[in-house]
Amino acid sequence: MSHDGVRLRAVMRSVVFLTAGALAVPTLASCGSDDESGKPLAAQDIAPAGRDLVADGGTLRWAVDDVPETLNTFQSDADDATTRVAQAVLPAMFRLDAQGRPQRDADYLESAKVVDTEPKQVVLYKLDQQAVWSDGREIGAADFAAQWRALSGKDSAYWTARNAGYDRIEKIERGANNLEVKVTFSRPYADWKALFSPLYPKDVMGTPDAFNDGARRKLKVTAGAFSVQKVDRKDKEIVLGRNPHWWGRPAKLSRIVLAAVPLDKRAAALADGSVDLAEIDPADASRIALAGRAKGTSTPLQGATPTGKDESKNESRQKKKLSKKERKALAKFLRQQDALRAFTVRRSLQPAYTQLALNGSEGPLADERVRRAVARALDRTELAKVVLKPLGLPAVPVGSHLALSGQAAYADNSGALGGQDTTEAQALLADAGWVPGGPVKDKGEKAAGSEGKKSKKTDDGAESEGGSDGQYIVGEDNKDPQDHTKKHGHGDESSKHLADGKQYDGRKVKQGGAPGAYAPKGTAAPADAKTGLLAKDGKPLALRFVLPSGTGSESLAAVADSISRMLEKVGIRTEITKVSDDSYFKDHIASGQYDLALYSWPASAFPATDARPIFAKPVPAADGSLNVEQNYTRVGTDQVDQLFDQAASTLDEDESAALVRKADARIWAAAGSIPLYQRPQLTAARRTLANAGSFGFQTPLYEDMGFLKKGATPSASPTKD
């Protein structure tokens, strides 16, 4: 991969027929260099402005997916809105900068550093002397200790979602004075900066009842620029107001209202003034861009219609007399377009990437050579272009499973597997015993490995685009699959529907039937087969490709179609099956009922801790199930686990990063998942709104957000519309 001056690096040569465990990894002498980490592929786009240009007061209405079920970020049902509230109202010892790296938050910390390593690691926190909770009490060791006890994992009465890092703490005590907190670890912990961010008051963490229920619906005591004034489930909004006890830079806004607005309703909400800031999909981004260029016109521009379709291709249809209902819809659309001129689209890349997951537990993909062949058949740059190029964002494939460009642990380790090479892919398949001349399914015969063609509805009742039962077969009869790129726009990966895998912990997942697709046992492979597809022991090489079918899935369908065509070129058939969003992770990904799938993972500033469950080697549980943690590909090695453990226990930051990169190279070599592209971030913002938009890696500065004074203009921004 080449981007922003980062040259292509092959951390190790791809040795075609060796297993991941046998690959030799050279010493990573330059792993700590900024040259290798690079910089973010896209800058944040927030219309930055100095505080002197931002007016005092005003209410920002910010769209969220829903009112969160809990305000406790350490519970399993916490979501993005939970995090947004916590960032605005609670202390964090460290926050992320624009490169996704942790930086001390000076409002709370004067300093934090490792002061001893022998016999135990000791971290000393020196708190800002003005740091107090909203009830006037000083933030101190008692709060740190209560959070440690709640999250240590030693008391099962606390219903925690995670305890990583806290389980390594041995004790917490007051330092030389009330402003010092001394944390002693039982084992060295490299990612100690991940702890106590956010920090809850001891009132929330002190007892199981308070932890489990006390902070789900309200936060009485806070310590941020804002405090929680109201959680209104009837009106579906959370109101944050200025914290009168805040000692830092005063918040510019008087209030922030987090309003629950579904993705497909956000353009209307922006137009009617219900919200000022909202993440949107590409279709709405196009509407706003067109509205901004439509000043002085009385009709929609080409491509902007109430149906979202490009009517310019059929002029006769435009000339037809509109019905009363159509005239009403057009008038409403034009009013909305006029209102949308007050908004702009701020574009960046999310701190998350989309991957192709290969289920290695059963079927053809249990053979590492087949997984590697799938990977070598893919042109990842072309796949990135499918989503990112239409949005004007850098179409650069992701080179790491564990970090993104700009983060300290990033390096392009894809060379451990190798780039697109049809010849190599075919050689790998041949070595695995898959040869040309696969059996051709007889007309009327049940599709190999499928549920059969029973109806034209997907799991959620939607009409299938590609045939019966939400399924179509790529490679059957040498016909291309239906081209979703003609029917849907590309680039709608900004949709939250794309299922970040972190929300499903996948522990002790029961295994179902074989996820691979096979012909009936004993089917012969005709010697004169003309399909070019592969077979082994009378069974075709066919993989079940499972996709979600709901709103926001169009770009996944387009990417899946491109992948299928690439695989067909090396003789692999894919059977694309669409399922309902509710069923996608629970019934397919987490339970292992798929061969290929597309879903996303967030990037972490602490990959040694946060990424380990995603790539840990699955282990059998006592009840016969398989404990996969969050490793839904079921592909893992002891070496990768060991490298994660070493990285998490190494206090030298450069050495820890080198171990993370080494682990990533081995993950590439195992070919359980193939990172494709960083997800786009599209945010509609009122043009007068400053210091808010698409934040990229950086933790938002809520106190600096606000509306520009009359006549003021923000600093230069990547936004073009």
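Residues numbered from 1 in each chain as written. Predicted model: local features only at pLDDT ≥ 70, side-chain atom pairs only at ≥ 80, totals over all residues. Heavy atoms only, no water.

### Some points on the sheet that holds strand S6 (residues 169-174)
Across the sheet, which stays open at both edges, the four strands sit in the order S4-S5-S7-S6 with antiparallel pairing between neighbours. Two strands lie at the open edges of the sheet, namely strand S4 (109-116) and S6, each paired on one side alone. Neighbour to neighbour, the strand axes of the sheet diverge by 15 degrees on average, direction disregarded. Note: S6 against strand S7 (residues 180-185), five bridges, orientation antiparallel. Looking at S7, one finds that Ile172 is bridged to Val183. Running at roughly 160 degrees to S6, helix H3 (residues 141-151) makes contact with strand S5 (122-127), S6 and S7 of the sheet. (Pairing = 2+ DSSP bridges. Helix = DSSP H or I, 4+ residues; strand = E, 2+ residues; numbered from the N terminus. Axes fitted to C-alpha atoms, helices over the stretch in contact; angles between N-to-C directions. Contact = heavy atoms within 4.5 Å.)

### Digging into the environment of Lys710
Locating Lys710 in the fold gives a position in the segment after strand S24 (706-707). Residue classification places Lys710 among the exposed positions, given a relative accessible area of 88%. (Buried < 20%, exposed > 50% of the residue type's maximum accessible area, 1.4 Å probe, protein only.)

### Some thoughts on helix H9 (residues 324-339)
Helix length check: H9, at 16 residues, gives a terminal C-alpha distance of 23 Å against a target of 22 Å (1.5 Å per residue), a fit within 8%. Three or more residues of H9 are buried, namely Phe333, Gln336 and Gln337. For H9, the buried positions fall inside an angular range of 100 degrees around the axis, keeping them on one side. Along H9, the residues that are exposed and aim more than 90 degrees away from the buried face are Lys324, Lys328 and Arg335. Contact partners of the buried residues in H9: helix H6 (266-271) and helix H7 (282-292). (Expected span 1.5 Å × (residues − 1). Arc of directions from axis to C-beta.)

### Describing the nonpolar core
Counting 72 residues, the largest nonpolar core has Met93, Tyr125, Phe196, Phe226 and Leu240 as the members making the most contacts within it. Of all the elements, H3 adds the most residues to this core, at seven residues. Listed in part, the 67 residues of the second largest apolar core include Ala269, Leu383, Leu428 and Ala432. (Core = buried A, V, L, I, M, F, W, Y, C linked by side-chain atoms within 4.5 Å.)

### Some thoughts on the confidence of the model for the protein chain
Per-residue pLDDT for the protein chain has a mean of 83; in total, 78% of the residues score no lower than 70. For the stretch residues 1-33, pLDDT sits under 50, and the model shows 86 contacts to residues farther than four places along the chain or on other chains. (pLDDT = per-residue confidence, 0-100.)

### Describing the sheet that holds strand S13 (residues 435-436)
Strand order in the open sheet formed by three strands is S13-S15-S16, with antiparallel pairing between adjacent strands. Pairing within the sheet leaves two strands with one partner each, and these edge strands are S13 and strand S16 (539-540). As paired elements, strand S15 (residues 534-536) and S16 share two bridges and run antiparallel to each other. Directly across from Lys536, in S16, lies its bridge partner Lys539.

### Description of the packing of aromatic side chains
Applying the stated criterion across every chain yields a total of 21 aromatic pairs. Geometrically, the ring pair formed by Tyr584 and Phe585 is edge-to-face, given 5.8 Å between the ring centres and 90 degrees between the ring planes. Across the pair, exposure class does not vary: Tyr584 and Phe585 are buried alike. Their ring planes at 70 degrees and their centres at 6.3 Å tell us that Tyr599 and Tyr632 sit as a pair that is edge-to-face. With Tyr599 in strand S19 (residues 596-602) and Tyr632 in the loop between strand S21 (626-627) and helix H18 (638-648), the pair connects residues that are 33 residues apart, well separated along the chain. Judged by relative accessible area, which is 1%, Tyr599 ranks as buried. Judged by relative accessible area, Tyr632 falls into the buried class, the value being 1%. Members of the aromatic cluster, joined through ring pairs, are Phe74, Phe94, Tyr125, Phe144, Tyr166, Trp192, Phe196 and Tyr200. The ring centre of Trp62 lies 4.2 Å from the NZ or CZ of Arg84, which sits over that ring. (Phe/Tyr/Trp six-rings, centres within 6.5 Å; stacked < 30°, edge-to-face > 60°. Lys NZ or Arg CZ within 6 Å of the ring centre and 35° of its normal.)

### Remarks on the pattern of salt bridges
Oppositely charged side chains can pair when the atoms bearing their charge come close. Enumeration according to the criterion identifies 25 salt bridges in this entry. Of the charged contacts in the structure, one is a salt bridge between Arg217 and Glu69, with a shortest N-O distance of 3.6 Å. Of this pair, Arg217 sits in the loop between helix H5 (208-214) and strand S8 (226-232) while Glu69 sits in the loop between strand S1 (59-64) and helix H2 (80-89), and the two are 148 residues apart along the sequence. A relative accessible area of 38% places Arg217 in the partly exposed class. (Salt bridge = Lys/Arg side-chain N within 4 Å of Asp/Glu carboxyl O.)

### Concerning helix H19 (residues 653-670)
The end-to-end C-alpha separation of H19 is 26 Å, in line with the 26 Å expected for 18 residues at 1.5 Å each. The buried fraction of H19 is high, at 14 of 18 residues. Between a side-chain oxygen at the N-terminus of H19 and the backbone nitrogen of Asp654 the separation is 3.1 Å; the capping residue is Asp652. One or two positions beyond H19, positive phi appears at Ala671, with a value near 55 degrees. (Polar contact = N/O pair within 3.5 Å; in protein donor to acceptor, adjacent residues only side chain to side chain.)

### What about the environment of Asp421?
Note that Asp421 resides in the loop between helix H11 (380-388) and helix H12 (422-431). The spacing of Asp421 and Ala373 is 48 residues in sequence and 9.0 Å in space, taken between C-alpha atoms. Looking at Asp421, its side chain comes within polar contact range of the main-chain nitrogen of Thr423, at 3.1 Å.

### Here we look at a positive patch on the surface
Residues Lys265, Lys321, Lys324, Arg327, Lys328, Lys332 and Arg335 make up a contiguous surface patch of positive charge. Mapped onto the elements, Lys328 comes out in helix H9. Judged by relative accessible area, which is 65%, Lys328 ranks as exposed. (Patch = residues over 30% accessible without salt bridge, like charges linked within 9 Å, V, L, I, M, F, W, Y side chains within 5 Å. Areas by Shrake-Rupley, 256 points an atom, 1.4 Å probe, with all protein chains shown as cover. Lys, Arg positive; Asp, Glu negative; His and termini not counted. Charge placed at Lys NZ, Arg CZ, Asp CG, Glu CD.)

### Concerning the side chain of Asn243
Tracing the sequence through the fold places Asn243 in the loop between strand S9 (237-242) and strand S10 (255-260). Of note is the side chain of Asn243, whose polar atom sits 3.0 Å from the backbone nitrogen of His245. Look past the residues within four positions of Asn243 in its chain and what remains in contact with it is Ser134, Ala223, Gly224, Ala225, Phe226 and Ser227.

### Structural notes on the packing of H11 against helix H14 (residues 554-568)
Angle between the axes and distance between the axes: these two values describe a pair of packed helices. Taken N-terminus to C-terminus, the directions of H11 and H14 make an angle of 160 degrees; their axes are 9 Å apart at the nearest point. One way to sum up the angle between H11 and H14 is to call them roughly antiparallel. The handedness of the crossing between H11 and H14 is right-handed. Contacts from Glu382, Leu383, Val386 and Val387 in H11 reach Ser555, Ala558, Val559, Ser562, Ile563 and Met566 in H14. Split by residue class, the contact of H11 with H14 holds seven nonpolar, two polar and one charged. (Parallel < 35°, antiparallel > 145°, perpendicular 65-115°, else oblique. Left-handed = near helix turned anticlockwise from the far one by under 90°. Nonpolar A, V, L, I, M, F, W, Y, C, P; charged D, E, K, R; others polar.)

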